[in-house]
Amino acid sequence: MAVDRKQLIIQAATKSFSLFGYKATTMEQVAKIANVGKGTIYTFFKNKEELFDEIITALIREMKIEAEQVLSPDLSLQENLHLALYRILEYRLEHQLTIKLFQEGKEMGTTAVIEMTNKMEREIISYIGEKVKTLGIDKGEIEPCDPELIAFIMLKLYISLIFDWERQHAPLSKSEIAELMERYVFKGLIKS
């Protein structure tokens, strides 16, 4: 029963954060949506920040699961990294909570939101960096390099090609993005 209530609270909070943003969400709203007393929330979470952190941590876990599902031992390092990064960014775009959070962080500069979006970015970079190391460096497919730095460059380039480019140009296809990554990132990393 306790686990069910905790899950109910998490689902209600996710809904509230997705609809109203972090700043406008109150514990009263979460209690109302979850149909529990406000005190019940505090049996599981000290405050709104702790509840928010739990939701973001779960979201990051889900992003990694999504990325893992597109990886294949039959594909090259480049193809696997492209598919993983693309899936993570697609997931962010599909998930109402991340859309609302990135909007709130950009428009309102809410500190807690900026910290959580930074946490998401660090986790994505760490995940991709680990894949660069295990699928590329450790297997001798790419030159030794700083996997975290490569992951950072790749993420930022993907974000630029997917989101920033579209502000003033026609969207690039998945294959066009893969080709650009091949040309500008991987050709410099691949062992000859």
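Residues numbered from 1 in each chain as written. Predicted model: local features only at pLDDT ≥ 70, side-chain atom pairs only at ≥ 80, totals over all residues. Heavy atoms only, no water.

## Re the packing of helix H4 (residues 48–70) against helix H6 (residues 96–108)
Any two packed helices are characterised by how steeply their axes cross, that is the angle between the axes, and by the distance between the axes.
Inference 1: Interaxial distance between H4 and H6 falls to 11 Å at its minimum, and their mutual angle equals 120°. Considered as vectors, H4 and H6 are oriented oblique to each other. Between H4 and H6 lies a crossing of left-handed hand. Counting all contacts with H4, which are made through Phe 52, Ile 55, Ile 56, Leu 59 and Met 63, the residues of H6 involved are Leu 97, Thr 98 and Leu 101.
Inference 2: For the contact of H4 with H6, a count of residues per class yields seven nonpolar, one polar and no charged. (Axes fitted to C-alpha atoms, helices over the stretch in contact; angles between N-to-C directions. Helix = DSSP H or I, 4+ residues; strand = E, 2+ residues; numbered from the N terminus. Parallel < 35°, antiparallel > 145°, perpendicular 65-115°, else oblique. Left-handed = near helix turned anticlockwise from the far one by under 90°. Contact = heavy atoms within 4.5 Å. Nonpolar A, V, L, I, M, F, W, Y, C, P; charged D, E, K, R; others polar.)

## What about the confidence of the model for the chain?
Inference 1: Per-residue confidence for the chain gives a mean pLDDT of 91, with 96% of residues at or over 70.
Inference 2: Confidence, read as mean pLDDT per element, is least for helix H9 (residues 174–184) in the chain (87) and greatest for helix H2 (residues 27–34) (96). (pLDDT = per-residue confidence, 0-100.)

## Points about the pattern of salt bridges
Inference 1: Inspection of every chain in the model, using the stated rule, returns twelve salt bridges.
Inference 2: Two residues, Asp 164 and Arg 167, come together in a salt bridge whose shortest N-O distance is 3.1 Å.
Inference 3: A residue is classified by how much of its surface remains accessible, and Arg 167, at 58% relative accessible area, is exposed.
Inference 4: Salt bridges sharing partners connect three or more residues here, namely Glu 66, Arg 87, Glu 90 and Glu 94. (Salt bridge = Lys/Arg side-chain N within 4 Å of Asp/Glu carboxyl O. Buried < 20%, exposed > 50% of the residue type's maximum accessible area, 1.4 Å probe, protein only.)

## So, the packing of H4 against helix H7 (residues 111–137)
Inference 1: Orientation of H4 relative to H7, taken along the N-to-C sense of each, is 30°, at an axis distance of 11 Å. Regarding the angle of H4 to H7, the classification is roughly parallel. Viewed along their axes, H4 and H7 form a crossing whose handedness is right-handed. Together, Phe 52, Asp 53, Ile 56, Thr 57, Leu 59, Ile 60, Met 63, Lys 64, Ala 67 and Glu 68 of H4 and Ala 112, Val 113, Met 116, Lys 119, Met 120, Glu 123, Ile 124, Tyr 127 and Lys 131 of H7 make up the contact between the two elements.

## Here we look at empty space enclosed by the protein
Inference 1: This structure, assessed with the given rule, holds one cavity of 30 Å³ or more.
Inference 2: Estimates place the volume of the largest cavity at around 40 Å³.
Inference 3: Along its surface, the largest cavity is lined by Ile 60, Met 63, Lys 64, Ile 88, Met 120, Glu 123, Ile 124 and Tyr 127.
Inference 4: The set of elements that each furnish at least two residues to the lining of the largest cavity consists of H4 and H7.
Inference 5: If you tally residues by element for the lining of the largest cavity, the top one is H7, at four residues. (1 Å grid on protein atoms, 1.4 Å probe; cavity = no way out; pocket = protein on both sides within 12 Å on 5 of 7 lines; lining within 4 Å. Points joined across faces, edges and corners; volume = space filled by probe spheres on them.)

## Side note on the environment of Gln 29
Inference 1: Assignment of secondary structure puts Gln 29 in helix H2.
Inference 2: In this structure Gln 29 comes out as partly exposed when scored by relative accessible area, which is 23%.
Inference 3: Sequence separation between Gln 29 and Gly 140 is 111 residues; the distance between their C-alpha atoms is 53 Å.
Inference 4: Beyond its immediate sequence surroundings of up to four residues, Gln 29 is in contact with Ser 16, Phe 20 and Ala 24.

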